[in-house]
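Letter by letter, the chains look like this.
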Amino acid sequence: MLGIGIDIGGTNTKLVVVNRAGKPLTHERFKTESSKGAGYFIKRLGAAVEELRRDYGRQLVSIGIGAAGDVDPERGVLRFSPNLGWRNVKIAGPLEKLTGLPCSMENDANMAAWGAYEIELRRKSGNILALTLGTGIGSGLILDGKLYHGATGSAGEAGHLKIVPDGRQCHCGGRGCLEAYCGSYAILARARELIRNEAAFIRKFAQPGREKFNTICLTNAAAAGHAMARRVWAETGTFLGRGLAGLILVLNPDCVVLTGGVSRARRWFLPAMRRELECQQIKTPFTKVRIRISDDADLGSHGAALFGLEKALK
Ligand SMILES: [Zn+2]
């Protein structure tokens, strides 16, 4: 038996087919193109699922979706997604009708948390906090081996914890959010304040063929000993540690899993993050928690596939 996992992101939509052990058999992707409307997107998604069914036929038994935004998992509705510019879009129901497969939908960070629980930790830890560190910051919670939704399905909006009173502007419209310090857009904005000659910096540290000011460029600079790049990453670690400390105090997880593009700069932000965790006064939760970094760029879609299978086969 196989499950389809779908990760709906602002730029790309990824599809994966996995078996029950979590082994991915195939990956597909297409441009989300949310500006063409939700109706167009669902048809496109239905066609992509049909292609997979041509290859795998009746072995496919379920679809699990992770979507970037505020999701109502009961009704399969994407209530609001700033990245996609959509409000109140029904996705799970229409896709079920199109494909005839049972379909569940959750927030994308929740599905990354499920992926961490199933694939990275093999269900050996029951209390997990996953933080997705990308342009924005999402989080998902597994508590006592179950995905935790909260009262309205909105649990885990860690990116909008206020960590600095009246601090930097966040994409959500508020100020001082964790994301406004540790989302990649915020890290780059801070780097621009400190690095005077951006063009020369890019020439020196960008990946060949991708001459852009991005977090990879900033990581390369830190590795080459660039003092300002190291300072930006250390600041990022301090803010991340501050947000994480609050979450650990409340949740007392066995394990924190960091994933997403920014987590690749671990070497440069983890020391400052750990220092922030070590200086807390209530010691036990901080000395017991394990911090893991996942390099699986498809943790969200793999997690969604396994979550969909889990629900369909119950
Ligand atoms: Zn915010």
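Predicted model only: the values in this text are computed from it and were never measured. (Residues numbered from 1 in each chain as written. Predicted model: local features only at pLDDT ≥ 70, side-chain atom pairs only at ≥ 80, totals over all residues.)

Participant: Can you explain the overall build of the chain? Please cite residues and give values.
Facilitator: For the chain, the count of helices and strands is 11 helices and 13 strands. The C-alpha atoms of the chain give 20 Å as radius of gyration, which agrees with the globular expectation for 314 residues (20 Å, within 12%). Considering only C-alpha atoms, the chain reaches an extent of 55 × 45 × 35 Å along its principal axes. Burial status across the chain gives 43% buried among its 314 residues. Summarising the internal contacts of the chain: among those between residues at least 6 apart in sequence, 63% fall at separations of at least 24. (Helix = DSSP H or I, 4+ residues; strand = E, 2+ residues; numbered from the N terminus. Rg over C-alpha atoms; globule rule 2.2 N^0.38 Å. Buried ≥ 20, exposed ≤ 12 C-beta atoms within 10 Å, placed from the backbone. Contact = placed C-beta atoms within 7 Å.)

Participant: Can you tell me about the environment of Glu-211, naming the residues and giving the values?
Facilitator: With respect to the helices and strands, Glu-211 occurs in the loop between α6 (198-205) and α7 (215-223). By the C-beta count within 10 Å, which is 12 here, Glu-211 ends up exposed. A C-alpha to C-alpha distance of 24 Å links Glu-211 and Thr-32, two positions 179 residues apart in sequence. Discounting residues that sit within four places of it in the chain, Glu-211 has contacts with Ile-202 and Ala-206.

Participant: Residues and numbers for the sheet that holds strand β11 (residues 146-147), please.
Facilitator: The strand order across the open sheet formed by 5 strands is β11-β10-β9-β12-β13, and the pairing between neighbours is mixed. Looking at which strands have only one partner, the edges of the open sheet turn out to be β11 and β13 (290-293). Where strand β12 (residues 255-259) and β13 come together, 4 bridges link them in parallel fashion. Counted as the bridge partner of Val-257 is Arg-292 from β13. In this fold helix α3 (residues 108-120) packs onto β9 (128-133), β10 (137-143), β11, β12 and β13, with an angle of close to 50 degrees to the strand it touches most, β10. (Pairing = 2+ DSSP bridges. Axes fitted to C-alpha atoms, helices over the stretch in contact; angles between N-to-C directions.)

Participant: Explain the domain arrangement of the chain to me, and be specific about the residues and the numbers.
Facilitator: Once the domains are mapped, the chain shows domain 1 (2-117 + 298-312) and domain 2 (124-293). The C-alpha centroid of domain 2 is placed 26 Å from the C-alpha centroid of domain 1. Domain 1 puts 15 residues into the contact, and the matching count from domain 2 is 16 residues. At the level of elements, β5 (70-72) and α3 are the ones that each hand at least two residues to the side of domain 1 that touches domain 2. (Domains from an automatic or database assignment.)

Participant: Talk me through the pairing of strand β1 (residues 2-8); I want residue IDs and the actual numbers.
Facilitator: Extensive coverage of β1 is indicated by the burial of 7 of its 7 residues. Residue alternation in β1 divides its side chains into two sets, Leu-2, Ile-4, Ile-6 and Ile-8 and Gly-3, Gly-5 and Asp-7, and both sets are buried. Bridging between β1 and strand β4 (residues 60-67) involves 7 bridges; their strand directions are parallel. Bridging across to β4, Ile-4 finds its partner in Ile-63. Counting the residues that bridge the hairpin from β1 to strand β2 (residues 12-19) gives 3 residues.

Participant: Outline the environment of Val-77, supporting the account with residue identities and numerical values.
Facilitator: Along the polypeptide, Val-77 turns up in strand β6 (residues 77-81). Using a count of 20 C-beta atoms within 10 Å as the deciding quantity, one classes Val-77 as buried. Sequence spacing of Val-77 and Ile-91 is 14 residues, and the spatial spacing of their C-alpha atoms is 5.9 Å.

Participant: Any chance you could break down the nonpolar core for me, citing the residues and the numbers?
Facilitator: With 84 residues, the main nonpolar core has Ile-65, Ala-113, Ala-116, Ile-128, Ala-130 and Cys-182 as its most contacted residues. Structurally, this core is a two-domain feature, drawing no fewer than three residues from each of domain 1 (2-117 + 298-312) and domain 2 (124-293). Among residues more than four places away in sequence, those in contact with Ala-130 are Ala-109, Ala-112, Ala-113, Ala-116, Ser-139, Gly-140, Val-257 and Thr-259. (Core = buried A, V, L, I, M, F, W, Y, C linked by C-beta atoms within 7 Å.)

Participant: I'd like to hear about the packing of α3 against helix α11 (residues 299-312), residue by residue, with values.
Facilitator: Running from amino to carboxyl end, α3 crosses α11 at an angle of 75 degrees, the nearest separation of the two axes being 7 Å. By the angle class used here, α3 and α11 are roughly perpendicular. For the pair formed by α3 and α11, the contact residues are Asp-108, Met-111, Ala-112, Trp-114, Gly-115, Ala-116, Glu-118 and Ile-119 on the first element and Leu-299, Gly-300, His-302, Gly-303, Ala-304, Leu-306 and Phe-307 on the second. The residue makeup of the contact of α3 with α11, split by class, is 9 nonpolar, 4 polar and 2 charged. (Parallel < 35°, antiparallel > 145°, perpendicular 65-115°, else oblique. Nonpolar A, V, L, I, M, F, W, Y, C, P; charged D, E, K, R; others polar.)

Participant: Which residues make up the pairing of β10, and what values go with them?
Facilitator: Each regular strand shows side chains that alternate between the opposite faces of the sheet. β10 sits mainly inside the fold: 6 of its 7 residues count as buried. Where β9 lies against β10, 6 bridges are found, and the strand directions are antiparallel. By the bridge assignment, Leu-129 is partnered in β10 with Leu-141. Hairpin connection between β9 and β10: a loop of 3 residues separates the two successive antiparallel strands. Bridge count between β10 and β11: 2 bridges; the pairing is antiparallel. From the neighbouring strand, Leu-143 faces β11, where its bridge partner is Lys-146. From the end of β10 to the start of β11, which pair antiparallel, there are 2 residues, and Asp-144 there has a positive phi angle of about 50 degrees.

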